[in-house]
Amino acid sequence: MIYKYQIKIEYDGSKFVGWQYQKNGISIQGILQKVFFQFLKYKIIVNGSGRTDAGVHAVEQSAHIELKKEIENKQIFLNSINFYLKRHPIVITSIKKRNKNFHARFSAIKRIYKYLIINRNSPLVFNKNRAWHVRKELDIKTMKKGAKILKGTHDFSTFRASSCVAKTPIKTLEKVSIKKSKEKIVLTFISKSFLQNQVRSMVGCLKYLGENKWSINDLKSAMKSKKRSNCAPPAPPFGLYLQKIQY
């Protein structure tokens, strides 16, 4: 008998090569699988809702695991796993039993990402490696106009990494919002799925608009070209947060 559980994970991605297990570096998936082996005494695969790149954080990543025995006490189980994780900036925040058809990746209906920009001249202390520090004052109104252009169903080839393995570059962005509070700018993106590097590439283009390096027509032309070479430099990974996966 196999028992399937969904886990929610919070992590600081600063020092990891990304979510996915890799031989050439420390990954979140790799750490989790090692810790589960230490606790359970048998190997399991931690199947994530999707990959996050090196340096990207998660407020609520979702994954599923398959266990040989049913969990008798979820709180004790969580406390035990988190005890093994205490040396790493990773924590499991919840665990929930799921039916056999549940899949962390394929059952997801919405993925929510947030990107944090700190727009000020002074260097960062508390948000260092947690946000993109942009010194030049950004034009939020123009950035919001650009966000409206990105919203909807489009061919996002311009914003797609060359190593992206998605079957199609056509995606539907349900929401793109930009909110500023004093020096803090938060960009929110909601879609069923994203291309590799898509969010960071879009943020990079919106920053170009905010700095007046691009006009709205420049963004439209770059999008229409479907060429990666016409994209603005992508935003750095450390300002990006996987906020939530909805099922």
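Here is a short report on the structure shown in this document. Just so it is clear, the structure is predicted and the values come from calculations on it, not from any experiment.

## Here we look at the side chain of K171
Tracing the backbone shows K171 in strand β8 (residues 170–181). Buried charged residue K171 carries no salt bridge. Nearest counter-charge: D155, at 11 Å. In this structure the side chain of K171 is engaged in a polar contact, spanning 2.8 Å, whose partner is the side chain of S193. For K171, the residues in contact, after removing those within four places along its chain, are G152, T153, H154, F156, S193, F194, L195 and Q198.

## Side note on the pattern of salt bridges
Considering all chains together, one arrives at eleven salt bridges under this definition. Across the pair R130 and D12 runs a salt bridge, and its minimum N-O distance is 2.9 Å. Of this pair, R130 sits in the loop between β5 (110–119) and β6 (132–134) while D12 sits in the loop between β1 (3–11) and α1 (28–40); the two residues are 118 residues apart in sequence, bridging distant segments of the chain. For R130, a relative accessible area of 31% corresponds to the partly exposed category. In this structure, K226 and D155 form a salt bridge, with 4.0 Å as the shortest nitrogen-oxygen distance. Here the residue K226 occupies a position in the loop between α5 (216–225) and β10 (240–246), and D155 occupies one in strand β7 (residues 152–155), the gap between them amounting to 71 residues. Through salt bridges with shared partners, a single ionic network connects K8, E60 and K244.

## Structural notes on the pairing of β10
Where strand β3 (residues 57–67) and β10 come together, two bridges link them in parallel fashion. Its bridge partner lying in β10, A58 is registered against L242. Bridge count for β5 against β10 is six bridges, and the pairing is antiparallel. Looking across to β10, one finds that I112 is bridged to K244.

Conventions used here
- The residue numbers shown here count from 1 along each chain, following its written sequence.
- Local features in a predicted model are, by the rule used here, given only for residues with pLDDT of at least 70; side-chain atom pairs are given and counted only at 80 or more, and totals for whole chains, interfaces and linings are based on all residues.
- Hydrogen atoms and water are omitted, and side-chain values are computed over all heavy atoms in the structure.
- Strands here are runs of E lasting at least two residues and helices are runs of H or I lasting at least four, both read from the DSSP assignment and numbered beginning at the N terminus.
- Residue burial is assigned from relative accessible area. The probe radius is 1.4 Å, only protein chains are included, and a residue is buried under 20% of its type maximum, exposed over 50%, and partly exposed in between.
- His residues and chain termini do not enter the charge count, which takes Lys and Arg as positive and Asp and Glu as negative.
- Put simply, a salt bridge is a Lys or Arg side-chain nitrogen that is within 4 Å of an Asp or Glu carboxyl oxygen.
- Here a polar contact means two N or O atoms within 3.5 Å. Within protein one must be a hydrogen donor candidate and the other an acceptor candidate, and residues neighboring in sequence count only if both atoms are side-chain atoms.
- Two residues qualify as a contact provided that any one of their heavy atoms is within 4.5 Å of a heavy atom in the partner residue.
- Two strands pair under a simple rule: DSSP has to find at least two bridges between them.

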